[in-house]
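# Chains, contacts and geometry: an overview
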Amino acid sequence: KSEQDSAEGLDEITLENDYYRKYIIDNYFLTNYNKNPNLAQLSKKLNLSTVQTHRILKKTYGKSFCRIIASLRMEQAKRLLLQTDMAANEISEAIGDPAAHNFYAAFRANVGMTPMQYRKECMQIHNIENEN
């Protein structure tokens, strides 16, 4: 084998590992965002140090571990606000943020309105679209 063939083989192995790691990471976030996830648990699943895991997250997702969790929680909260009649404090618990006041503040900071304002505004938009 030439050096180039060997290098290409290494790239393929690394690429396969990256896909496998991304699968593990995605699965970890989707199954744990509403629990008490932490970087050390994910690192253990990946058999990497927390520093290596942090670097992979920043490179792959462009965000830190905490930002990824926060984003997933916000997206799930928005979905629950629109698809259920759950109260905001119930949604807060469902997404893994049992301190409702933290949830309200984070939601307002991310979305620019309270959870109930979001629900009301989106429902009004949905009703207008259905009328047309």
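Conventions we followed
- Residues numbered from 1 in each chain as written.
- Predicted model: local features only at pLDDT ≥ 70, side-chain atom pairs only at ≥ 80, totals over all residues.
- Heavy atoms only, no water.
- Salt bridge = Lys/Arg side-chain N within 4 Å of Asp/Glu carboxyl O.
- Helix = DSSP H or I, 4+ residues; strand = E, 2+ residues; numbered from the N terminus.
- Buried < 20%, exposed > 50% of the residue type's maximum accessible area, 1.4 Å probe, protein only.

### Focus on the pattern of salt bridges
Counted according to the given criterion, the structure contains two salt bridges. Among the salt bridges present, the one from Lys 22 reaches Asp 26, with a minimum N-O distance of 3.0 Å. With Lys 22 and Asp 26 both in helix H1 (residues 3-32) and four residues apart, the pair spans about one turn of that helix. Under the relative-accessibility criterion, Lys 22 is labelled partly exposed at 35%. Note that Glu 75 is salt-bridged to Lys 78, the shortest N-O span being 3.2 Å. Taken together, the residues span about one helical turn, with Glu 75 and Lys 78 both in helix H4 (residues 65-83) at a distance of three residues. Taking relative accessible area as the criterion, Lys 78 reaches 21% and is therefore assigned partly exposed.

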